[in-house]
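A closer look at the structure
For reference, the chains in residue letters:
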There are 4 protein chains.
Amino acid sequence: MSDFKIGGVVPPVVVSEREDHSLDIASFENLINRMIDAGVDGLFFLGSSGEVVFSTDAMRERVITEAVRIVNHRVPVLVGIIDTETERVLEHGRMAQKLGADAVVVTAPFYALGGLTEIADHFRIVARELDLPVFAYDIPVCVHTKLPWKLMIELGHEGVLAGVKDSSGDDINFRYLCQENAKAGHPLSVLTGHEMVVDCAYLCGADGSVPGLANVEPYGYVRMWKAAQAGDWATAKLEQDKLNELSHIFDVTTGVQGYAGGVGAFKTALQLMGIFETNQMPRPVKRLTGENVENIREVLVSCGLL
Amino acid sequence: MSDFKIGGVVPPVVVSEREDHSLDIASFENLINRMIDAGVDGLFFLGSSGEVVFSTDAMRERVITEAVRIVNHRVPVLVGIIDTETERVLEHGRMAQKLGADAVVVTAPFYALGGLTEIADHFRIVARELDLPVFAYDIPVCVHTKLPWKLMIELGHEGVLAGVKDSSGDDINFRYLCQENAKAGHPLSVLTGHEMVVDCAYLCGADGSVPGLANVEPYGYVRMWKAAQAGDWATAKLEQDKLNELSHIFDVTTGVQGYAGGVGAFKTALQLMGIFETNQMPRPVKRLTGENVENIREVLVSCGLL
Amino acid sequence: MSDFKIGGVVPPVVVSEREDHSLDIASFENLINRMIDAGVDGLFFLGSSGEVVFSTDAMRERVITEAVRIVNHRVPVLVGIIDTETERVLEHGRMAQKLGADAVVVTAPFYALGGLTEIADHFRIVARELDLPVFAYDIPVCVHTKLPWKLMIELGHEGVLAGVKDSSGDDINFRYLCQENAKAGHPLSVLTGHEMVVDCAYLCGADGSVPGLANVEPYGYVRMWKAAQAGDWATAKLEQDKLNELSHIFDVTTGVQGYAGGVGAFKTALQLMGIFETNQMPRPVKRLTGENVENIREVLVSCGLL
Amino acid sequence: MSDFKIGGVVPPVVVSEREDHSLDIASFENLINRMIDAGVDGLFFLGSSGEVVFSTDAMRERVITEAVRIVNHRVPVLVGIIDTETERVLEHGRMAQKLGADAVVVTAPFYALGGLTEIADHFRIVARELDLPVFAYDIPVCVHTKLPWKLMIELGHEGVLAGVKDSSGDDINFRYLCQENAKAGHPLSVLTGHEMVVDCAYLCGADGSVPGLANVEPYGYVRMWKAAQAGDWATAKLEQDKLNELSHIFDVTTGVQGYAGGVGAFKTALQLMGIFETNQMPRPVKRLTGENVENIREVLVSCGLL
C-alpha cells in the first residue's frame, strides 16, 4: 500500500493563456496563490480542465515547471500524465517526476479498444516504472471506460494505486468504493470530481474532492470540507447549495458545448474577476464572447463574486 | 479542391515488433513488399491498427522513416497523425511532412468534449498549417464522434479535405457521402475501412478501401477492386465472401477483446505465415498464445493460406 | 426449419389516420392496393413505422382486420406483435393468428434489462405457443439490444425462427448473417430494413427488403429487386440512387426529430400525392406543417412524384 | 400545482408468483403488511421491479385490485401505468383510476424515437385525461431518455406533474431538481430510486425514496428517513451503509444479468426469509437456483436477516 495520502480540497487548476496561446504566468500565479491562500489541500495540474489533451509536450513541461515553482511546496502537486496508451503515458510521467511532481494522475487507456485486463496492466506498468504515487482517474465521459471499484481496491492492495479521482458520475460505484475501501483498511485516497455533490461524497466517506469550480470560488469548498470534517452536514449542504448557484455559469451560455462552455465559463469568470488577463481557449476551441460573457457576469454578481 | 486523388486498395499497415517492442524492420519490409507486389494502390501507416496511439513520438518517427524508405515511391504513403487535439496533431503532421509522407490522415478531436464547430475548425487549422493533403478519418468507435457527410463535403469544397476514410459502420451516411460527393463534382476521395463489405462500398460508389485484412490477404482485395472496376459484381462479391471466411480469425479467439483480438489476430496470422518474426503486441496489450494461435492457424489452413 | 419463405419487397405499411386518430380505411386501401399493384411481394403491418407502439389493442385489432380484408391473400401479411415482454407479445400473437396473419414479427424484449438467454427463450416461447412463422425483428435503435447472427442462425436451425428482419444498421453482422445462413442451408429468410442500401443488402445475399420508403415509391423498389435477381447490379444501384434522392424527405424538415420527422415525412408525402387524406400522427406526435410540408413537396416534385 | 404530496419511504413492491406465474396473494399480503408495519409512507405497485412490463393487462388489473384491497388506505397507493406511448398509457391509467389508485407513475414514451416536445406533450395529455396525480418516472436505463430538471419543474408549475421518481443515476441533475424545486415553491414531490445513496438524496433535499431493497429490509430505510428528518446525518449514513451490505445480494450471483439478477435476488431473499413462497420469475426470465441462492443466503445471514 502507498504511503502517500491526500484529502480535503484539491482543485484541478485551469490554465491561463495569452492571446497567442502561450502560458500567461502572471495570471497562473494569481490563480494558484489565491487558491492556496483560501486553504486548499493540494493542486492538480494538467487534468481534463487543465488543458492536458490540448497541450504539446513542451506546453505540458512549461505548465509543470511553473506550477512546481509557484506552489513551492506549500501543498502537494498532482500532475495528470494523460495520454492514449502506456508508453506515451510513461514519457509524460518521467517528465513530471523529473520536474518535481508529488504524484501523478492516470486515466484508463483510450482510443484503442480493450478491457479490464489491459486497464489493470496499464496501471501496473505505470506504477512500476515511475517513482511517484499513482492516482487512477475515472472519467468515462472522456475515455469511455468505467473503472470498477473492485479493480481499484485490488490495485490499492497491490500497492499500484495510491488513490482514485472519480469523475464518473456513477454514484453507486462511488459509494461502494468508499465503503469497501474503508473495510479494506483504506489503501486508497478517494477523491470526487463531482463538484456539485461534494457534500454527498463526503457523507459517503470520500477523503476529498477535486472541484473545478474551486478555481472560481475556493473559499466555499474549503468551508464545506471543514464543516464535513466537523460532522456539520447542514452547513456542508448549505455551502454546496451556494456553490451550485455559481455552477449556473455552465448553463447560461448558448451556442457552445463541452469544453467551450465548461472550461470556457471558468476562464471567463476568472477574467471578469480580474484573476486572468484573458479567457483565451486552446485551439480549436473558441473563447466565450458577447452575451455569453454578460450572462456569466450576471451569475457572478448574483453570487456576490463581482 | 485538393488535387490529390487516391483510389483502389490502401491497406492500413500493421507494425512488426521485436520481443523488446522495438520495430522489427525485416518483418516490416516483408509485409510492405508483399502488399505492393500484390498490387495495392497505396499504404496507410500509423492508423488505428498501425499502433499509432501506442507509439511514442520517437517510435512514430521510426515507423514513418522506415515506411518511406521501404516503399520508395512505389505507391503513395498516407500517415496517420492521430492525437487528441489540434496542437498535438500539428506536431505529428510537421514530422510526417518532413519525413516524406504523401498525405496525412486526421480524426476528429477526442477526449475533450466538443461539437461540430470544433471538429470543423480542427480540420481547417490542420489543413492550413500543413502542406499535405488531409484525409478525415471517421472512426466513432475510437473517438466517439461521427463525422456527418454534409460537413465532409463542405470541407471538401473548401479545399480543406482531400478525402475521407470511413470506418464508422454507418452505411446510410456512407451512401449519402458517396452519392452527394459525386453530385458535388467529386471533391473527396472516399475510402471505406469496412473490410467485410468492401464490395458493397464499391457498389455505393466508393473510390477505394482501407482493409486491415489486406495485411494477411492483399491479393483478394486487389482482385475485388479490379472486378468492381470492370463492373463484375458477382466476382467482387465472391472475393469478399472468401475474405470474410478469413475474417473469422477475429472470432475464434477466447478471453481477449478489442485490440488484443483484432490486431493480435493479424500479427499472429502474419507470424504463422512467416511474414512476421513475432506476434508481439504493444504494452499494455498481450500477444495471443496457445489455443488462440492454434485456432487462427486452422482458419488460415481452411482458407488456403497455410 | 420453417417452411415459410418470403423474399423480394415487403414494405412496412404506414397507417392512415383521420383527424380524430381513428383508422382512415379508404386511405389505407389506396396505399395497400397501390403497393400490391406495383408488384410488392408481401406487406408488413404494425411495424415500427406502422404505429404499433402507439396503437391500443383495439386499434391493433382494427388494423389487422382491415389489412387482412384489403390484402385478401394477394400477398402474404406479416404482422408485428411488438410489446415489452413475452406474455404481452403472446397476447398480440394470438390475436394476429385469429385474425388471419400469415406470419408474425417479434423484437427482442425491451424495457427490462436482460441478456441473450432471455432473448433466446423469448423467441422460443413465442414460437412454441403460436401456430405462425416467427420473424425476429432486429432493431436496436428501439429495443437497445442487438440480435447476433450466431443466435439467429441457431434459432433458425431449431425451427424457432423463419427469418430475420434486420434494421440494425450493423452491416458486418448482416453480411455474416447472409453468408452463414447460406452455408447453413438457408434456414432463415433474411430481409433488410435499411431502405437506403437495399442494393448492397441484395449483393450480400439478402432474400428481400422491408423499405419504409416503398410506401411512397414502391415501383423503384420492385424494379431494383428484379434487377438484382437478374444480376444487373448497375441498374439496381441506379434505382437505389434514385430512391435515395427521395429519401431527402427525411432531412428537409426542421424542428422535428425521430418519428415526427420520419413517419411524418411518409404521411405528408402520401397526403401530397393524394393517397392519404391527412398526415395526422398518433399522440403525442404532431403532424408536419407549414414549411416542412413545402420542403417535402419540393423533394417529391424534383423526384417526379408530383 | 398539484395538492398531492408524498414523502418518506415508498418502496416499489415486488410481485409474488406461484409456480404457474399467477399472483400468489398470500405472499403478496405478507410482503405488503410487513412493509406497512415497518412504517413505510406509501407503496408503489407495477414499477419496473413490480413486473409491470412482464404483466398482461389482466395481470396488471389483478395486482392493482389486490394491492388496493390489502393496503386498505393505510398508506397511499401509487401505480405504474407504464407502456410505450400515450394511448396505451391512458388505458392503463383509466384502469388504475377505476380500481382505486391514489396516484399514477408514468415514464417518458419509449421504443419510438422522439424528443422533449413529445415527452412534454405525453405528460400533459396523460395529466389532462386522468383524474389522478401524475408522477414522472425518470429511468433512462429502461426508456433511454433522460428527463431534464428544467422540464420537470416547468411541468410541476403547469400542474401537470405532482412529483418525480428519479432512477436516472444522474446525481447532478437530481441535485438541481431538488434545489430548483425548492426555489420554485416546491411544486414537485421529489423521490429518489437510487436505493444505495438515499442518505445523500435526503441531504440534497429529496422528499423521499423508492428503494427496491426495502422489500427485503424496510426497517433500515424507515430508520434512515427518521434520522434524516431529525438532521442526524451520521445515523442516516450508518443505516445506508448497513443496507449497502445487504445490497451485495446483487453481486454474489453468477451467470445472470439484469432483471434475473436484480429482482431475482429480491424474490430469492424474500423466499429465504419466509415471506414469499417461491422465487418464481415472469417469462422469459428464469429464477435463481443452486449456488446463486446459497450466496444470497450467506449475505442475508451476515446482515442478520436470517
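Residues numbered from 1 in each chain as written. Chains lettered and ligands numbered in written order. Predicted model: local features only at pLDDT ≥ 70, side-chain atom pairs only at ≥ 80, totals over all residues. Heavy atoms only, no water.

**Focus: the pairing of strand β6 (residues 163–166) of chain B**
All names here are of chain B.
- A two-sided burial pattern is seen for β6, the buried positions comprising G163 and K165 on one face and V164 and D166 on the other.
- Bridge count between β6 and strand β7 (residues 189–192): 4 bridges; the pairing is parallel. Considered in β7, the bridge of G163 is made with S189.
- In this fold, β6 hands off to helix α7 (residues 171–183), which returns the chain to β7; that crossover is right-handed. (Buried < 20%, exposed > 50% of the residue type's maximum accessible area, 1.4 Å probe, protein only. Helix = DSSP H or I, 4+ residues; strand = E, 2+ residues; numbered from the N terminus. Pairing = 2+ DSSP bridges. Right-handed = clockwise from strand over helix to strand, strands pointing away.)

**Regarding helix α6 (residues 149–157) of chain C**
Residues and elements named next belong to chain C.
- For α6, the full list of buried residues reads W149, L151, M152, I153, L155 and G156.
- On its buried face, α6 is in contact with α4 (116–129), β5 (134–138), β6 (163–166) and α7 (171–183).
- Among the residues trailing α6, G159 stands out with phi positive, at a value near 85 degrees. (Contact = heavy atoms within 4.5 Å.)

**Considerations on the UniProt feature "binding site: pyruvate" (unreviewed entry) in chain A**
Residues and elements named next belong to chain A.
- Taking the UniProt record as the reference, the feature "binding site: pyruvate" (unreviewed entry) is found at V210.
- Relative to the helices and strands, V210 is located in the loop between β8 (208–209) and α9 (218–229).
- Overall, V210 belongs to the buried group, its relative accessible area being 3%. (UniProt positions renumbered as here; feature names shortened; annotations may be inferred.)

**Side note on the sheet that holds strand β6 (residues 163–166) of chain A**
Residue and element names in this part refer to chain A.
- Sheet architecture is open: 8 strands sit in the order β1-β8-β7-β6-β5-β4-β3-β2, paired in parallel fashion. Two strands close off the open sheet at either side, each with one partner strand: β1 (8–9) and β2 (43–45).
- Note that strand β3 (residues 77–80) and strand β4 (residues 103–107) share 3 bridges and pair parallel. The residue of β4 that forms the bridge with L78 is A103.

**Comments concerning the nonpolar core**
- In terms of nonpolar packing, the biggest core is built from 488 residues, with A:M152, B:M152, C:M152 and D:M152 touching the most fellow members.
- Filtering out sequence-adjacent residues up to four positions away, A:M152 remains in contact with A:F123, A:A136, A:L147, A:L161, A:V164, A:L177 and A:L188. (Core = buried A, V, L, I, M, F, W, Y, C linked by side-chain atoms within 4.5 Å.)

**Focus on the relation of the copies chain A and chain B**
- Rotating chain A by 180 degrees about the axis while translating it 0.0 Å along that axis superimposes it on chain B, leaving an RMSD of 0.0 Å. Viewed as a symmetry operation, the transformation between the two copies matches a two-fold axis.
- Mapped onto chain B, 100% of the interface residues of chain A are again interface residues, and the two copies thus contact each other with one and the same surface. (Least-squares fit on C-alpha atoms with pLDDT ≥ 70 in both.)

**Considering the UniProt feature "active site" (unreviewed entry) in chain A**
- With numbering matched to this structure, UniProt assigns "active site" (unreviewed entry) to A:Y137 and A:K165. Across 29 residues, the annotated set stays spatially compact, with a maximum C-alpha separation of 4.8 Å.
- In this fold, A:Y137 is placed in strand β5 (residues 134–138).
- Look at A:Y137 and you get buried, because its relative accessible area is 3%.
- If sequence neighbours within four positions are ignored, A:Y137 has contacts with A:F44, A:S48, A:I82, A:V105, A:V106, A:T107, A:A108, A:L147, A:K165, A:S167 and B:Y111.
- Separated by 2.8 Å, the side chains of A:Y137 and A:S48 make a polar contact.
- By the secondary structure assignment, A:K165 is in strand β6.
- Here A:K165 is in contact with A:F44, A:A136, A:Y137, A:D138, A:L191, A:G193 and A:V210, once residues within four sequence places are set aside. (Polar contact = N/O pair within 3.5 Å; in protein donor to acceptor, adjacent residues only side chain to side chain.)

**A word on the interface of chain D and chain C**
- Between chain D and chain C, the contact holds 45 residues from the first and 45 residues from the second.
- Carbon and sulfur atoms make up 56% of the surface buried where chain D meets chain C, a total of about 3800 Å² over both sides.
- Counting the surface chain D buries against chain C, the share from its top three residues, D:R88, D:Y111 and D:R283, is 24%.
- Taken together, chain D and chain C are joined by 10 salt bridges.
- Of the charged contacts, one joins D:D121 and C:K286 as a salt bridge, the two residues approaching to 2.3 Å between their closest N and O atoms.
- Inspection of the chain D/chain C interface yields 19 residue pairs in polar contact (both at pLDDT 80 or more).
- Contributions of two or more residues to the side of chain D that touches chain C are made by α2 (57–71), α3 (86–99), α4 (116–129), α5 (140–143) and α11 (259–272) of chain D.
- Ranked by the residues each element gives to the side of chain D that touches chain C, the list is headed by α4(D), at 7 residues.
- Of the residues assigned to the side of chain D that touches chain C, the class counts are 19 nonpolar, 13 polar and 13 charged. (Buried area = accessible area lost by both parts, 1.4 Å probe. Salt bridge = Lys/Arg side-chain N within 4 Å of Asp/Glu carboxyl O. Nonpolar A, V, L, I, M, F, W, Y, C, P; charged D, E, K, R; others polar.)

**Observations concerning the pairing of β4(A)**
Residues and elements named next belong to chain A.
- Counting buried positions along β4 yields 5 of 5 residues, so the element is predominantly enclosed.
- The parallel pair β3 and β4 is bridged by helix α3 (residues 86–99), and the resulting crossover is right-handed.
- With 4 bridges joining them, β4 and β5 adopt parallel strand pairing. Its bridge partner being in β5, V104 is matched across the sheet by V134.
- As a crossover connection, the stretch from β4 through helix α4 (residues 116–129) into β5 is right-handed.

**A short note on the packing of aromatic side chains**
- All told, the structure shown has 34 aromatic pairs over all chains when counted by the stated rule.
- Counting every residue linked through ring pairs, the aromatic cluster contains A:F110, A:Y111, B:F110 and B:Y111. (Phe/Tyr/Trp six-rings, centres within 6.5 Å; stacked < 30°, edge-to-face > 60°.)

**Re the state of the cysteines**
- One pass over the structure, following the stated rule, counts 0 disulfides over all chains.
- Not engaged in a disulfide, the cysteine B:C303 finds its nearest cysteine sulfur in C:C204; these two sulfurs lie 18 Å apart.
- As a non-bridged cysteine, D:C142 has C:C142 as the owner of its nearest cysteine sulfur, 16 Å distant.
- You can call D:C142 buried: its relative accessible area is 9%. (Disulfide = S-S within 2.5 Å.)

**A few points about the arrangement of the chains**
- No interface is formed between chain A and chain C, the nearest pair of C-alpha atoms being 16 Å apart.
- Without any contact between them, chain B and chain D keep their closest C-alpha atoms 16 Å apart.

**A closer look at the sheet that holds strand β3 (residues 77–80) of chain D**
Residue and element names in this part refer to chain D.
- Strand order in the open sheet formed by 8 strands is β1-β8-β7-β6-β5-β4-β3-β2, and the pairing between neighbours is parallel. Two strands in the sheet have a free side with no partner beyond their single neighbour: β1 (8–9) and β2 (43–45).
- Here 4 bridges tie strand β5 (residues 134–138) to strand β6 (residues 163–166), and the two strands are oriented parallel to one another. Opposite A136, over in β6, you have V164 as the bridge partner.
- Against the sheet, helix α7 (residues 171–183) engages β6 and β7 (189–192), with an angle of about 155 degrees to β7. (Axes fitted to C-alpha atoms, helices over the stretch in contact; angles between N-to-C directions.)

**Considerations on the interface of chain A and chain B**
- The interface of chain A with chain B comprises 45 residues on the first partner and 45 residues on the second.
- Where chain A abuts chain B, roughly 3800 Å² becomes buried across the two surfaces, and 56% of that area is made up of carbon and sulfur atoms.
- On the chain A side of the contact with chain B, A:R88, A:Y111 and A:R283 bury the most area, a combined 24% of that side's loss.
- One can count 10 salt bridges joining chain A with chain B.

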